[in-house]
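So the chains spell out like this:
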Amino acid sequence: MTDDHAYTPETLVVHAGVGRYPHRPVVPPIYQVSTFAFENADQGAALFAGREQGYIYSRMGNPTVAALESCIATLEGGYAALACGSGMAAIHTALAALLKSGDHIICGDTVYGPTCTLVEGFLPRWGIEATMVDPSDLEAVEKAFRPNTRVVYVETPGNPTLVIADLEAISRLAHQRGAIVVVDNTFMSPILQQPFKWGADVVVHSLTKALNGHADVVGGAIVAKDEADYRSFRKVLNHLGGVLPPLESFLVHRGIKTLALRMKQQSESALKVAEFLEEHPAIDWVRFPWLKSHPQHELARKQMSGGGPVISFELKGGLEAGRTMMNSVKLCSLAVSLGGVESLIQHPAGMTHATMGPEARCRARITDGLVRVSIGIENVDDIIADLDQALETASSRSTHRAQVGAG
Ligand SMILES: *Cc1c(COP(=O)(O)O)cnc(C)c1O
């Protein structure tokens, strides 16, 4: 198949970026090679000067990696993508390409913990000012702009609060002020949300999560909307060096073939689990974009085509009950990461968002008792039964403790 944007996503995940190779393999072979020989000195010089297309050295490009990049760019509807060594490498590379000393960035306050640390802890060291803002509060976003604001960075739904940023409205605000919008689309994947459609300028991904989907690779990607952006990202990536190796690229490209099936199933199952949790007497509150109780449910329906795999909730017994629940699951694994085939449960305040510190967590409305689950592709009844027995253990222990305390 030639890369054709007219195909539907279910078809594109199988065929995009596959390309043609000697002996016509139906998937891209793994070019496990660091360097490529030139025909002669003139050809080598022509490749370096960009007068001729071809491969030079794998930090600068590799056919297996290029196949994956082409696939991701097609799925997002972008011009081109760059595969990076991790989601954080992708975010760092994109921000390093877009910002310079003296610039200002507006960043959603409910983003992946290390992203928050990068923006608030590292960028100021390089002379870049940052303002963290609730991305669901458009007035606050508007007020945060300064004359030197160059980038607005959002993650939607936000991790782990599932707060939704209105991509169309934020893109409009940013463009009126000469800033560009970078969206972390990890939670949704291009199957459930395509930020370029709503005006975003750059998309970043952690490939570690849904795109690879099988918990066996760490990787990331930047997707550029036009050639100029792509060239500037490529130049920075070549020099910062955070590239994805060929074997990992092959594995992610293979994982993507089932992305549409997985996202559909995981969104459906997650909705059933969220409904189960919402009804459960031991649960205080549940957040899931596809629940009517989500404060931005309408917006979610507008810019997303499914709720995604992640649910956050809090038990009535708070952190203590949540801890007992996490220690009592049998089918779900107590592990960070999300979007993969296996169901995972974790505690953001103590795990993924621990380095942010209590103040930043409080500002981002990440309570100490918040529990996050990522729903996999197991039978949903098995997942619900597992969570049910763990909730039972958690609530019987807290009842027991209350009785002992009273007695
Ligand atoms: C995991 C994650 C990242 C970071 O990705 P790594 O591959 O772990 O570096 C960034 N953003 C979101 C939303 C994530 O879930």
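Residues numbered from 1 in each chain as written. Predicted model: local features only at pLDDT ≥ 70, side-chain atom pairs only at ≥ 80, totals over all residues. Heavy atoms only, no water.

K.L.:
Hey, could you run me through the domain arrangement of the chain in this one?
P.N.:
Often, the extent of an interface is quoted as the loss of accessible area upon association of its parts. According to the domain assignment, the chain consists of domain 1 (9-30 + 61-256) and domain 2 (260-406). If you average the C-alpha positions of domain 1 and of domain 2, the two centres end up 26 Å apart. In this complex, domain 1 contributes 43 residues to the contact, which on the side of domain 2 involves 40 residues. In total, domain 1 and domain 2 occlude about 3,100 Å² of area from one another, counting both sides; carbon and sulfur atoms represent 58% of this. A per-residue breakdown of the area domain 1 buries against domain 2 is headed by P160, I164 and L192, which together make up 21% of the total. (Domains from an automatic or database assignment. Contact = heavy atoms within 4.5 Å. Buried area = accessible area lost by both parts, 1.4 Å probe.)

K.L.:
Would you mind going over the sheet that holds strand β10 (residues 333-334) with me for this structure?
P.N.:
As a general point, the strands of a sheet are linked pairwise by backbone hydrogen bonds and lie either parallel or antiparallel. Here we have five strands laid out as an open sheet, ordered β8-β9-β12-β11-β10, and mixed in their pairing. Every other strand in the sheet has two partners, leaving β8 (283-287) and β10 as the edge strands with one partner each. The pairing of β8 with strand β9 (residues 310-315) spans four bridges and is classified as antiparallel. Looking at β9, one finds that V286 is bridged to F313. (Pairing = 2+ DSSP bridges. Helix = DSSP H or I, 4+ residues; strand = E, 2+ residues; numbered from the N terminus.)

K.L.:
Help me understand the packing of helix α4 (residues 87-98) against helix α5 (residues 113-122), please; the structure alone is not making it clear to me.
P.N.:
In a pair of packed helices, the angle between the axes and the distance between the axes together describe the arrangement. Across the interface, α4 lies against α5 with an axial gap of 10 Å and an inter-helix angle of 25°. Considering their axes alone, α4 and α5 lie roughly parallel with respect to each other. In the crossing of α4 with α5, the sense of the turn from one axis to the other is right-handed. Here M88, I91, H92 and L95 of α4 come into contact with α5, specifically with P114, T115, L118 and V119. For the contact of α4 with α5, the class distribution of residues is six nonpolar, two polar and no charged. (Axes fitted to C-alpha atoms, helices over the stretch in contact; angles between N-to-C directions. Parallel < 35°, antiparallel > 145°, perpendicular 65-115°, else oblique. Left-handed = near helix turned anticlockwise from the far one by under 90°. Nonpolar A, V, L, I, M, F, W, Y, C, P; charged D, E, K, R; others polar.)

K.L.:
Just checking my understanding: could you explain the pairing of strand β4 (residues 149-155) for this structure?
P.N.:
If a strand is regular, its side chains alternate between the two faces of the sheet. In terms of residue burial, β4 counts as a mostly covered element, since six of its seven residues are buried. Examined bridge by bridge, strand β2 (residues 104-108) and β4 share four bridges and lie parallel to one another. Each residue of the ladder has a partner; that of C107, found in β4, is Y153. Across five bridges, β4 lies against strand β5 (residues 180-184) in parallel orientation. Within the sheet, the bridge partner assigned to Y153 lies in β5 and is V182. As a crossover connection, the stretch from β4 through helix α7 (residues 167-176) into β5 is right-handed. (Buried < 20%, exposed > 50% of the residue type's maximum accessible area, 1.4 Å probe, protein only. Right-handed = clockwise from strand over helix to strand, strands pointing away.)

K.L.:
Just checking my understanding: could you explain the site of the ligand for this structure?
P.N.:
Looking at the ligand, there are 15 residues lining it, with G87, D184, S206, T208 and K209 nearest. Between the ligand and G87, the relevant distance is 2.8 Å, taken from an oxygen atom to a main-chain nitrogen or oxygen of the residue. Considering the ligand on its own, with 380 Å² of exposed area, one finds that the protein chains cover 93% of that surface. Of the residues forming the shell around the ligand, the biggest block, three residues, is contributed by α4. (Near = heavy atom within 4 Å. Polar contact = N/O pair within 3.5 Å; in protein donor to acceptor, adjacent residues only side chain to side chain. Areas by Shrake-Rupley, 256 points an atom, 1.4 Å probe, with all protein chains shown as cover.)

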